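What follows is each chain in one-letter form.
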Amino acid sequence: RAALANELSGSEVIVVSNREPYIHNRTDGGDISLQIPASGLVSALEPVVRACGGTWVAHGSGTADRDTVDANDRVPVPPSNPSYTLRRVWLSEEEQDGYYYGAANEGLWPLCHIAFVRPIFREPDWQLYRSVNEKFADAIVAEAKREDPIILVQDYHFALLPRMIRDRLPRATIVTFWHIPWPNAETFGICPWREEIIDGLLGSSILGFHTQAHCNNFMDAVDSYVESRIDREKDSVTFGGEETLIRPYPISIEWPPTAMEGQKPVEECRRIVRERLGLPQDMRIGVGIERFDYTKGILDRMQAIDALIGEHPEWRGNFTFVQVAAPTRSKLANYRLLQEEAEALAREINEKHGGDGYEPIRLLIRHHEPDEVFELFRAADLCIVSSLHDGMNLVAKEFVAARDDEQGVLILSAFAGASRELSEALIVNPYNAHAMGEAINRSLTMPEPEQRERMRLMRDQVKERNVYRWAGQMLLAASRLRKQQRIRRLI
Ligand code: G6P
């Protein structure tokens, strides 16, 4: 962490993402409350920016956000102990509908995740996506104090932004990170905006994905759809005379996580959580925690609980699955539908296998703060991450980080980037309910020494490859590039 701050001393760092790290909301009583959003991007990046300082440019989305900024739309954060500046950008409802809900979340999100939800590409949405990217480019240029800042562009909301910044700050070092998967070239090819997206991203000095497979998919797409030179050995693309390095940087979490501060001993968490949920103290518990998103395989995991109890009736009355799901993007029909389907399926399974006050599935639909999430992780016997497709998935890493008692089993989808690193999890195919049910049974009967061995190896992995390392590798590469470019200008 200190090394990171040191490497960056003397340079200006600007981060840009759609989602802001702190949301100020107005409560019913008229007070202002602070919310930390449920976003893998935010939970990974926030500790890094806290350590490096600088400016974070993001969409101001809270109901009291405007009341907490200064005349330049800036607010120092974290509110309790400020170490960097949050610069908010305001978007009209029309802009949010077209750019965020439409082009980003009905177009690019399903396009990249391949979760059998058909992407929707509307031309008016794309025009708003383009103009909102311009708006963020204006904000970044206004914030930049030097002509050669390091700019960290985050995610699929800003595919066009790197090129727009490059045109206006040609000496900037632009590092773009794509937090979601990149599909194979044929799949990407259905996107009507494919050339413009590729051109936009290739305004970056470095373009990062979680895995080498996603880097390869991106280079295949470049090869298929634009005139360029691709160096497969160096993993770089030269387009319009400029080179972009394409690199895998597996994202992670801070170590130790802030949410572990003040956590009670595991035994106490187990007791408190069971008491709060009205469960007997000897009830075995599994957890699943995420945004209510169709890429997460929430319905598939419920089918696995059904299979488990059907095939191993000894768990009826002795195992409860607690699914925490934070409402998300609810303006979109697909998200509302998923929530309705999940509620109906949970009801159906509970009627089928429950009775006498017992329910195999507890569905808790609300936002949980990181402290509560970690308490639940510590109280559980197992955690299920069954994404149908996921760039990385940080819930898997958070569960591991929460278990300093070295107990608990992680059941992890083979289609989440995290499965490449956490190979001691029980790796499953989320489309196979029977096999997932068997993995739950295996977790519930796994001897403690085996749990300990697996958990130890995974904890070493997450501790070592933490988010400071993720950011450090990217920033080191950026700072090396900057130095090389300076030398080139001198020759
Ligand atoms: C994913 C995306 C992030 C996003 C998060 C939450 O992790 O990669 O960019 O912030 O989901 O989604 P939301 O739409 O609420 O920001």
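Note that this is a predicted model, so its numbers are computed, not measured.

Asks: Run through the overall build of the protein chain, naming residues and quoting values.
Replies: Per the secondary structure count, the protein chain includes 16 helices and 18 strands. Expected size for 491 residues packed as a compact globule is a radius of gyration near 23 Å; at 23 Å, the protein chain falls within 12% of this value. By principal-axis analysis of the C-alpha atoms, the protein chain measures approximately 75 × 50 × 45 Å. When each of the 491 residues of the protein chain is scored for burial, the buried share is 47%.

Asks: Which residues make up helix α15 (residues 448-464), and what are the values?
Replies: For an α-helix, 3.6 residues make a turn, and residues three or four places apart therefore share a direction. Over its 17 residues, α15 extends 24 Å from the first C-alpha to the last, a length consistent with the 24 Å expected when each residue adds 1.5 Å. As for α15, its buried residues are in contact with α13 (394-402) and β17 (409-413).

Asks: Summarise the environment of Val324; cite the residues concerned and give the values.
Replies: For Val324, the location among the structural elements is in strand β14 (residues 319-326). Between the C-alpha atoms of Val324 and Gly408, which are 84 residues apart in sequence, the distance is 18 Å. When neighbours within four sequence positions are excluded, Val324 is seen to be in contact with Ile289, Leu364, His368 and Leu376.

Asks: Before we move on, could you go through α13 and cite the residues and values that matter?
Replies: Among the 9 residues that make up α13, 9 are buried, leaving the element largely enclosed by the rest of the structure. Looking at the packing, one finds that the buried side of α13 touches α2 (40-52), β13 (284-291), α12 (370-379), β16 (382-385), β17 and α15.

Asks: Give me the site of the ligand: which residues, what numbers.
Replies: Close contacts around the ligand come from Arg19, Ser39, Gly40, Leu41, Asp155, His179, Ile180, Arg291, Thr328 and Arg329, and that covers them all. In terms of residue class, the shell around the ligand is made up of 2 nonpolar, 4 polar and 4 charged.

Asks: Can you explain the sheet that holds β13? Please cite residues and give values.
Replies: Strands sit in the order β15-β14-β13-β16-β17-β18 across an open sheet of 6 strands; the sheet is parallel. The two strands at the open ends of the sheet, each matched to only one other strand, are β15 (361-365) and β18 (426-428). The average undirected angle you get between the axes of adjacent strands in this sheet is 20°. As paired strands, β14 and β15 are joined by 5 bridges and run parallel to one another.

Asks: Describe in detail the pairing of strand β5 (residues 74-77), supporting the description with residues and values.
Replies: Where β5 lies against strand β6 (residues 84-89), 4 bridges are found, and the strand directions are antiparallel. Following the sheet pairing, Pro76 is matched in β6 by Thr85. Count of turn residues in the β5/β6 antiparallel hairpin: 6 residues.

Asks: Account for the packing of helix α3 (residues 93-113) against helix α4 (residues 123-143), naming residues and giving values.
Replies: Relative orientation of the contacting elements α3 and α4 amounts to 110°, with a least axis distance of 8 Å. Between α3 and α4, the interaxial angle falls into the category roughly perpendicular. For the pair α3 and α4, contact is made by Glu94, Glu95, Gly98, Tyr99, Gly102, Ala103, Ala104 and Gly107 and by Pro124, Asp125, Trp126, Leu128, Tyr129 and Val132, respectively. In terms of residue class, the contact of α3 with α4 is made up of 8 nonpolar, 3 polar and 3 charged.

Asks: Break down the nonpolar core for me, with residues and values.
Replies: In globular proteins that are soluble, nonpolar side chains generally tend to be buried together. Formed by 140 residues in total, the largest nonpolar core has its most connected members in Val16, Ile151, Ala396, Leu410 and Ile411. At 8 residues, the largest contribution of residues to this core is made by α3. Once residues within four sequence positions are removed from consideration, Val16 is found in contact with Val57, Phe136, Ile140, Ile151, Val153, Gln154, Phe158 and Leu161.

Asks: Can you explain the pairing of strand β3 (residues 32-35)? Please cite residues and give values.
Replies: Relative to β3, strand β2 (residues 23-26) runs antiparallel, the two being bridged by 4 bridges. Looking at β3, one finds that Asn25 is bridged to Ser33. What sits between β2 and β3 in their antiparallel hairpin is a turn of 5 residues, with Gly30 showing a positive phi close to 95°.

Asks: Could you give me a rundown of the packing of α2 against helix α16 (residues 467-490), with the residues and numbers involved?
Replies: Relative to each other, α2 and α16 sit at 70°, their axes nearing to 9 Å. On the basis of their axis angle, the class for α2 and α16 is roughly perpendicular. Crossing of α2 over α16 shows right-handed handedness. Contact with α2, carried on its side by Ala44, Pro47 and Val48, involves Val467, Tyr468 and Ala471 of α16 and no other residues of that element.

Asks: Requested: an account of unusual backbone geometry, with residues and values cited.
Replies: Cis rather than trans, the peptide bond between Val77 and Pro78 has omega equal to -10°. Structurally, the position occupied by Pro78 is in the loop between β5 and β6. The step from Trp255 to Pro256 runs through a cis peptide bond, and the omega angle for that step is -10°. Secondary-structure assignment places Pro256 in the loop between β12 (242-248) and α9 (266-276). Unusually for a residue other than glycine, Asp356 sits at a positive phi of about 50°. Here Asp356 shows up in the loop between α11 (333-353) and β15. Not every positive phi belongs to a glycine, and Glu406 is a case in point at roughly 60°.

Asks: An account of the confidence of the model for the protein chain is needed here, citing residue identities and associated values.
Replies: Looking at the protein chain as a whole, its pLDDT mean stands at 96, while 100% of the residues score no less than 70. In the model of the protein chain, helix α1 (residues 2-7) stands out as the element of lowest mean pLDDT, 76, in contrast to β17, which has the highest, 99. Listed scores for the predicted complex are pTM 0.96 and ipTM 0.99.

Rules used in this analysis
- Within any chain, residue numbers begin from 1 and follow the written order of that chain's sequence.
- A pLDDT threshold of at least 70 governs which residues receive local features in this predicted model, and a stricter bar of 80 or more applies before side-chain atom pairs are shown or counted, although totals over entire chains, interfaces and linings include all residues.
- Strands are runs of DSSP state E lasting at least 2 residues, helices are runs of H or I lasting at least 4, and numbering of each runs from the N terminus.
- Every radius of gyration here is taken over C-alpha atoms, with the globule rule written as 2.2 Å times N^0.38, N being the number of residues.
- For every residue, the other C-beta atoms within 10 Å of its own C-beta are counted; 20 or more classify it as buried, 12 or fewer as exposed, and values in between as partly exposed. C-beta atoms are placed from the backbone.
- Any helix carries an expected span of 1.5 Å times its number of residues minus one.
- Two residues qualify as a contact pair if the distance between their C-beta atoms, derived from the backbone, is within 7 Å.
- Here is the check we use: build the C-beta atom from the backbone, and if it is within 6 Å of the molecule or strand, call the residue near.
- For this scheme, ten residues count as nonpolar: Ala, Val, Leu, Ile, Met, Phe, Trp, Tyr, Cys and Pro. Four count as charged, namely Asp, Glu, Lys and Arg, and the remainder, Gly too, count as polar.
- Two strands qualify as a pair provided that DSSP identifies no fewer than 2 bridges between them.
- Between the N-to-C directions of two axes lies an angle of 0 to 180 degrees, each axis being a line fitted to C-alpha atoms and, for a helix, fitted only over the stretch in contact.
- Just so you know how the angles are binned, under 35 degrees is roughly parallel, over 145 roughly antiparallel, 65 to 115 roughly perpendicular, and the rest oblique.
- To count as a nonpolar core, a set of buried Ala, Val, Leu, Ile, Met, Phe, Trp, Tyr and Cys residues must be joined through C-beta atoms within 7 Å.
- Handedness of a helix crossing follows the sense of rotation of the near helix relative to the far helix, less than a right angle counterclockwise being left-handed and clockwise being right-handed.
- pLDDT is a per-residue confidence score from the predictor, ranging from 0 to 100.

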